[in-house]
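Understanding the architecture of this molecule
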Amino acid sequence: LTAAISAADHTRGPGARGGDAPWKEWHHFVVFAGGLELVINLSVGLDTRTGGRGLLGRVVTLWRAGGAWRGDVAQHPVDAMPAGRIALEVGRARLGWDGEAYTLRVPDGPIQVDLRLHPQTAPALSTQVPFGGAARVDWLVVPRLLAVGTARVRGQRHDIHDGLAYHDHNWGRFRWGDDFAWEWGFVLPDDPTDPHAIVFTRLLDRRRRRV
């Protein structure tokens with residue numbers, strides 16, 4: 001299981017195939033820890049503000065604890081992408097892999113997390129999925145993990161012990177606003193002893209008339 005993830009989930013970087021559209025790549029995590037729900041997304045793309053010269057990263061954090069969703073987006077220039085390893089740095093946020101689990105640390109912002117996420121399922125990989133016209137995207141999903149660590153939400157500490165989690169990793173070349181729409185979701189059980197997980201996705205044209 002860990003060997004399969006080590007081989008498949010590594011960062012690709014802007015050299016990834018897929019035509020001449022702007023390159024994008026992101027790692028996405030969702031964690032359920034009692035009454036706390038967390039979404040953490042680290043993304044990097046070509047900086048369109050400078051005509052694609054340089055890389056721009058974003059740290060997106062969302063959280064909910066029994067009420068409405070709240071969130072934060074922080075942008076940071078990115079010096080380099082460590083292609084070939086499960087590693088990503090955006091600002092001071094860090095994603096890594098220690099041979100057995102993902103390590104995820106976000107030390108800044110309204111949410112600070114320090115987590116190890118242990119995969120419970122093999123990765124599923126879909127390659128060169130058409131995203132309208134000549135655009136293509138690759139998608140890897142690990143639908144079930146167990147998270148251990150801490151999260152601070154606006155100063156309140158939450159200890160996380162075997163919280164169920166979800167992860168996906170996307171990379172490719174496409175333009176937001178092209179002729180596609182993307183519907184996606186996942187299901188994890190309330191009971192962590194229940195071994196099931198469900199992921200669903202479908203791609204449509206922008207007018208949502210063709211699947």
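Residues numbered from 1 in each chain as written. Predicted model: local features only at pLDDT ≥ 70, side-chain atom pairs only at ≥ 80, totals over all residues. Heavy atoms only, no water.

Moving on: the overall build of the protein. In terms of regular secondary structure, the protein is built from 1 helix and 13 strands. Going from the N terminus to the C terminus, the protein shows its helices and strands as α-β-β-β-β-β-β-β-β-β-β-β-β-β. Relative to the globule expectation of 17 Å for 211 residues, the C-alpha radius of gyration of the protein, 17 Å, shows essentially globular dimensions. Taking all 211 residues of the protein together, the buried fraction comes to 44%. Contacts in the protein between residues at least 24 apart in sequence constitute 53% of all its contacts with a sequence separation of at least 6. Counting only carbon and sulfur atoms, one obtains 50% of the accessible surface of the protein, whose full area is about 10,700 Å². In the protein, 26 side chains carry a positive charge and 23 a negative one; their mean positions are 7 Å apart. (Helix = DSSP H or I, 4+ residues; strand = E, 2+ residues; numbered from the N terminus. Rg over C-alpha atoms; globule rule 2.2 N^0.38 Å. Buried < 20%, exposed > 50% of the residue type's maximum accessible area, 1.4 Å probe, protein only. Contact = heavy atoms within 4.5 Å. Areas by Shrake-Rupley, 256 points an atom, 1.4 Å probe, with all protein chains shown as cover. Lys, Arg positive; Asp, Glu negative; His and termini not counted. Charge placed at Lys NZ, Arg CZ, Asp CG, Glu CD.)

Once that is clear, we can look at the confidence of the model for the protein. Parts of the prediction with low pLDDT should not have their coordinates interpreted in detail. Of all residues in the protein, 95% attain a pLDDT of 70 or more, and the chain-wide mean is 90. Element-level mean pLDDT values for the protein span from 84 in strand S9 (residues 124-130) up to 98 in strand S7 (residues 102-106). (pLDDT = per-residue confidence, 0-100.)

A contiguous nonpolar surface patch, about 280 Å² in accessible area, is contributed by Val187, Ile198 and Phe200. As for its position among the elements, Phe200 is in strand S13 (residues 198-204). Phe200 gets classed as partly exposed once you look at its relative accessible area, which sits at 46%. (Patch = residues over 30% accessible without salt bridge, like charges linked within 9 Å, V, L, I, M, F, W, Y side chains within 5 Å. Salt bridge = Lys/Arg side-chain N within 4 Å of Asp/Glu carboxyl O.)

Of all hydrophobic cores here, the largest spans 38 residues; its most connected members are Leu38, Leu42, Val44, Tyr102, Val113 and Leu117. Here the element with the most residues in this core is strand S10 (residues 136-153); it accounts for 6 residues. For Val44, the residues in contact, after removing those within four places along its chain, are Trp23, Lys24, Glu25, Leu55, Leu56, Gly57, Val78, Met81, Leu88 and Val90. Ranked by size, the runner-up nonpolar core spans 9 residues in total, among them Leu146, Leu164, Tyr166 and Leu188. (Core = buried A, V, L, I, M, F, W, Y, C linked by side-chain atoms within 4.5 Å.)

Evaluation of the coordinates by the stated rule reveals 9 aromatic pairs. Ring centres of Trp184 and Phe186 lie 6.1 Å apart, and the angle between their planes is 45°; on these two criteria the pair is classed as tilted. Grouping aromatic residues by their ring pairs yields a cluster made of Trp26, Phe174, Phe180 and Trp182. Sitting over the ring of Phe174, Lys24 keeps its end group 4.7 Å from the ring centre. (Phe/Tyr/Trp six-rings, centres within 6.5 Å; stacked < 30°, edge-to-face > 60°. Lys NZ or Arg CZ within 6 Å of the ring centre and 35° of its normal.)

Under the counting rule described, the total for this entry stands at 6 salt bridges. Between Glu37 and Arg64 there is a salt bridge, with the nearest N and O atoms lying 3.1 Å from each other. Of this pair, Glu37 sits in strand S2 (residues 36-46) while Arg64 is found in strand S3 (residues 55-64), placing the two residues 27 residues apart along the sequence. We classify Glu37 as buried; its relative accessible area is 18%.

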